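The residues making up each chain are set out below.
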Amino acid sequence: MTSVDSRVGAFGELPHVFSEAFSVLTFERAAALAVQCLTRHLDSNDRRGVTLQEPADLIAQARALMSSDPHGDFDEQRFTHIIDLYLRTGIQVHTTGYMGRQFSSVAPAAGVFDMVSAMAPQPASFYEAGQLANVADSIMAQEFAALLGWAPNQFDMVATSGGALGNLTALLAARNRFVPQAWTEGLQSRSDGRRLGIAVGADSHYSVSRAAGVLGIGENCVVRLPLDDQRRIRVHDAVTVIDQAARDGIDIFCLVASAGTTATGSIDPLDELADLASERGLWLHVDGAHSASFLVSERLRPRLRGIERADSFILDAHKTLFVPAACTLLFYREALSSQLAFEQVASYVFDEPYSEASRMESGGKNLECTKRPSIVNLWLLWSMYGRQLLASKLETLVDLTDMAHGLISAQADFRVLHTPQSNILCFQYAPAGGTVWDRDSLQSALRDKVRSRGNFLISKADVGDERALRLVMMNHEITEPDVRALLDEIREAAREIGVE
Ligand SMILES: Cc1ncc(COP(=O)(O)O)c(C=O)c1O
């Protein structure tokens, strides 16, 4: 990168746009403008939800910001307007009106480092290309292993871009352990007429059954396990269902538990499920995208008891460790398991014989070739603040959810659907005299009306056969008056849609 004035390349004078678009001066100016816009945005903590626009209107606004000059240059005004449009039309995760989704606001140091890694790209799958990312993988793996009580060097961790990819990779490893020839021969090699299956909690995330589809297992062989009244797998009934599947010709090779589920944040009884998995020789995978981060807190860690016995589990640091997306950690209890997912020969990237450096790189163990070094954002936060920052924030979010649970339970016109096990709470508006609305459509209509009023963002979810309003507490600045204001907002929304 050069300053804008050096315009001579190998073939003579460079077009102006080259030297301007790629110049250090443009970087400096763009970064300063972005910092100004973002600082203004983050500094305004009024309660806001989301301002939904009609797609056609937004397309028109976006098009109006596109230069008609095919030889355009860095236009400060246009650049600032584009940033503002992005910020204005997005979810306002930093405000106290945001209670609706699992995306979190990002710790500023981690967010700013993400810009550093965007500007100085170091693809993290290969040591040569991303040395610090590979070292950070190894350090973060060891830090978490200590919390799990795992012995050094007997486990492995692969960072992936997102929980869906983490789940897919773990299930692939599990399948390949069960059908070792699957990678080379495919699943046709099974000639006994039996089918492969996985057992999952009825509320498991859709990425799990999607992974089953990708792996050739088929939706019909995703066996759903019954849940208790707190939406956790009922272990006793799970045994019956798994045995019935075997009689139906389905070989369950993997049991997928959740910590916590997307709809209600429920955490399955992992220790008992680990017993079941080991009795039946099943691979136990825990989808801990949302709550496996509780490992960092002494107070919350006991909720995950048994996770250390899983064959694999995932944790989304971009959800509940407050770093930019996507940063997922996929842990394998046994180091060799991480080799099961992929078998690839590619001389242009994989070194043989393995060196100390190439042994620690993840390219052979994850789907991605180019991978952002997002793990460094997490390592940076951990290095600067220590794990206690993350623990305290999670504990605060859990306490906030408990507070909301207490408050909502005490209202005559609301009904909670479960006791929170993490930072998610589902509830219903249920006015005493009843309404002309049926219960479920009322919840959907209320969530839409609350959203369109623009002060709060909450979500909805189906809890068993009931539709619910859903809170996800991600902002530690939310207070009890904010939750009370939300309840009043829902009542006001109810009046607006004609509920007396
Ligand atoms: C329980 C659970 N698993 C997996 C995922 C998918 O994770 P990602 O969005 O990081 O791909 C989610 C996302 O919400 C989730 O809640």
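The coordinates are above.
Residues numbered from 1 in each chain as written. Predicted model: local features only at pLDDT ≥ 70, side-chain atom pairs only at ≥ 80, totals over all residues. Heavy atoms only, no water.

S.K.: Which residues make up the site of the ligand, and what are the values?
M.R.: By nearness alone, 14 residues border the ligand, and Gly-163, Thr-262, Asp-287, Asp-316 and His-318 come closest of all. Between a nitrogen atom of the ligand and a side-chain N or O atom of Asp-287, the distance comes to 2.6 Å. Within the complex, 83% of the 390 Å² of free accessible area of the ligand lies under protein. At the level of secondary structure, the elements contributing two or more residues to the shell around the ligand comprise α7 (163-178) and α12 (317-320). At three residues, the largest contribution of residues to the shell around the ligand is made by α7. For the shell around the ligand, a count of residues per class yields two nonpolar, nine polar and three charged. (Near = heavy atom within 4 Å. Polar contact = N/O pair within 3.5 Å; in protein donor to acceptor, adjacent residues only side chain to side chain. Areas by Shrake-Rupley, 256 points an atom, 1.4 Å probe, with all protein chains shown as cover. Helix = DSSP H or I, 4+ residues; strand = E, 2+ residues; numbered from the N terminus. Nonpolar A, V, L, I, M, F, W, Y, C, P; charged D, E, K, R; others polar.)

S.K.: Describe unusual backbone geometry, listing the residues and the values that go with them.
M.R.: Each neighbour pair has its own omega, and for Ala-259 with Gly-260 the value is -15°, a cis peptide bond. Structurally, Gly-260 is set in the loop between β6 (250-258) and α11 (270-280). With omega at -5°, the peptide bond leading from Ala-325 into Ala-326 counts as cis. Residue placement: Ala-326 occurs in the loop between α12 and β9 (328-332). Positive phi, close to 65°, is recorded for Phe-322, a residue that is not glycine. Here Phe-322 lies in the loop between α12 and β9. Judged by relative accessible area, which is 3%, Phe-322 ranks as buried. (Buried < 20%, exposed > 50% of the residue type's maximum accessible area, 1.4 Å probe, protein only.)

S.K.: Explain the nonpolar core to me, and be specific about the residues and the numbers.
M.R.: Formed by 121 residues in total, the largest nonpolar core has its most connected members in Phe-144, Ile-198, Ile-375, Leu-471 and Ile-490. Counting residues per element, this core draws most heavily on helix α15 (residues 387-409), at nine residues. A domain split of this core shows at least three residues from each of domain 1 (131-385) and domain 2 (389-496). Once residues within four sequence positions are removed from consideration, Leu-471 is found in contact with Met-99, Ala-404, Ile-408, Asn-423, Ile-424, Leu-425, Phe-427, Ile-458 and Leu-486. Grouped together as the second largest cluster of nonpolar side chains are seven residues, Val-50, Val-93, Leu-457 and Met-474 included. (Core = buried A, V, L, I, M, F, W, Y, C linked by side-chain atoms within 4.5 Å. Domains from an automatic or database assignment. Contact = heavy atoms within 4.5 Å.)

S.K.: Quick rundown of a nonpolar patch on the surface? Include the residues and the values.
M.R.: Taken together, Phe-27, Val-112, Met-115, Val-116 and Met-119 make up a surface patch of nonpolar side chains, about 410 Å² in accessible area. When residues in the nonpolar patch are grouped by element, the largest group, four residues, is from helix α5 (residues 108-119). (Patch = residues over 30% accessible without salt bridge, like charges linked within 9 Å, V, L, I, M, F, W, Y side chains within 5 Å. Salt bridge = Lys/Arg side-chain N within 4 Å of Asp/Glu carboxyl O.)

Functional significance is not addressed by these values, which are geometric in nature.
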